[in-house]
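Summary of structural features
These are the residues of each chain, in order.
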Amino acid sequence: MSKRVEVCVFSVEDAIMAAEAGADRLEVCVHYDLGGVSMPEEDLKTLAIRLRQMDFVNASGKLKAAVMCRPRGGDFCYSEDEFSVLSSYASTVAQLGFEALVCGLLILENEQWVLDEAGISSLVAICKENQMEFVFHRAFDELKEPFAALESLSLLGVNRVLSGWGQRDWPMFLRLIEQAKKLDMVFLPGGGIRRHNVSDYWSAGVDFVHSAAGSIIANRFALDVQELNSILSSRK
């Protein structure tokens, strides 16, 4: 089983450094302090050019990066205007040749967060039209019924979910991995994965992990290449 590491980066320069270090895939966003939001389109275009110059592409020629599609911090319930922004940004990501879009959409029902199935379906359609993967991000961790949510996401055409359940409840995390496998989905663990604990995730049977591999430096989050190299070395 080959092991892969997706590196969450918050700037164009950190993205380039992570790719040069040997990351298998990037998740691209900005504003660590907000939990990650959409990178400005001009920066995203610059990144696409530089990654293509590096030949950081998959077998289909797509750029090996998943792009965060989130217009603001806070919750994951979006107005009609915000959803229009999401849709437009998703189309830009596709036009630039990235292999995946990362997004999460929820609505409030009876004072509980549930999946925004209509919104998810619309964005999944954009992705499918452009041979791009849709990744449901850590909005998943806000859901009270994660097993039912996995089934619903599978029916909506989502085949990868990013989650921090491994940091919250390890037995539950292991059960979610197994449920995802039964649904032919990828349950991508993230949130606090570093060199000191990445081996726990490999031992749990996952073959793909997500890590920011960085720290706060001079009041901004920056990639720690030494930390990243240690995580990448754990793939062996």
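Bear in mind that the values here come from a model prediction, so they are computed numbers and not experimental data.

Here we look at the environment of Val-114
By the secondary structure assignment, Val-114 is in strand 6 (residues 112-115). Since its relative accessible area comes to 24%, Val-114 is described here as partly exposed. For the pair Val-114 and Pro-146, spaced 32 residues apart in the sequence, the C-alpha separation amounts to 9.8 Å. Excluding anything up to four places from it in sequence, Val-114 contacts Leu-105, Leu-106, Ile-107, Glu-109 and Leu-143.

Here we look at the packing of helix 3 (residues 80-95) against helix 4 (residues 117-129)
It is the contact of helix 3 with helix 4, at a shortest axis distance of 10 Å, that shows an interaxial angle of 20 degrees. With respect to helix 4, the element helix 3 is oriented roughly parallel. As for how helix 3 packs across helix 4, the hand of that crossing is right-handed. Along the contact surface, helix 3 presents Phe-83, Leu-86, Ser-87, Ala-90 and Ser-91, while helix 4 presents Gly-119, Ser-122, Leu-123 and Ile-126. Along the lines of polarity and charge, the residues of the contact of helix 3 with helix 4 split into five nonpolar, four polar and no charged.

Some details on the layout of surface pockets
In this structure, the largest pocket spans a volume of roughly 460 Å³. Along the wall of the largest pocket there are 23 residues; nearest its centre are Cys-8, Gly-35, Arg-138, Gly-191 and His-210. When its residues are assigned to classes, the lining of the largest pocket shows ten nonpolar, eight polar and five charged. Lining the second largest pocket are 14 residues, with Lys-181, Met-185, Val-186, Phe-187 and Asp-207 positioned closest to its centre. Of all the elements in the fold, those that place two or more residues in the lining of the second largest pocket are helix 7 (170-182) and strand 9 (186-189). Looking at the lining of the second largest pocket residue by residue, the classes come out as nine nonpolar, one polar and four charged.

Some points on helix 4
Compared with the 18 Å implied by 1.5 Å per residue over 13 residues, the 18 Å span of helix 4 between its first and last C-alpha is a close match. Three or more residues of helix 4 are buried, namely Gly-119, Ile-120, Leu-123, Val-124, Ile-126 and Cys-127. On an axial view of helix 4, the arc spanned by its buried residues comes to 155 degrees, and they lie on one face. Across helix 4 from its buried face, at more than 90 degrees, point the exposed residues Ala-118, Lys-128 and Glu-129. As for helix 4, its buried residues are in contact with helix 3, strand 4 (98-103), strand 6, strand 7 (133-136) and helix 5 (146-155).

A look at the sheet that holds strand 10 (residues 208-211)
One open sheet holds the eight strands; their spatial order is 9-8-7-4-3-2-1-10, and the pairing between them is parallel. The two strands at the open ends of the sheet, each matched to only one other strand, are strand 9 and strand 10. On average, adjacent strands in this sheet sit at an angle of 25 degrees to one another, irrespective of strand direction. Lying over the sheet, helix 4 contacts strand 4 and strand 7, oriented at roughly 150 degrees with respect to strand 7.

So, how was this worked out
- Residues numbered from 1 in each chain as written.
- Predicted model: local features only at pLDDT ≥ 70, side-chain atom pairs only at ≥ 80, totals over all residues.
- Heavy atoms only, no water.
- Helix = DSSP H or I, 4+ residues; strand = E, 2+ residues; numbered from the N terminus.
- Buried < 20%, exposed > 50% of the residue type's maximum accessible area, 1.4 Å probe, protein only.
- Contact = heavy atoms within 4.5 Å.
- Axes fitted to C-alpha atoms, helices over the stretch in contact; angles between N-to-C directions.
- Parallel < 35°, antiparallel > 145°, perpendicular 65-115°, else oblique.
- Left-handed = near helix turned anticlockwise from the far one by under 90°.
- Nonpolar A, V, L, I, M, F, W, Y, C, P; charged D, E, K, R; others polar.
- 1 Å grid on protein atoms, 1.4 Å probe; cavity = no way out; pocket = protein on both sides within 12 Å on 5 of 7 lines; lining within 4 Å.
- Points joined across faces, edges and corners; volume = space filled by probe spheres on them.
- Expected span 1.5 Å × (residues − 1).
- Arc of directions from axis to C-beta.
- Pairing = 2+ DSSP bridges.

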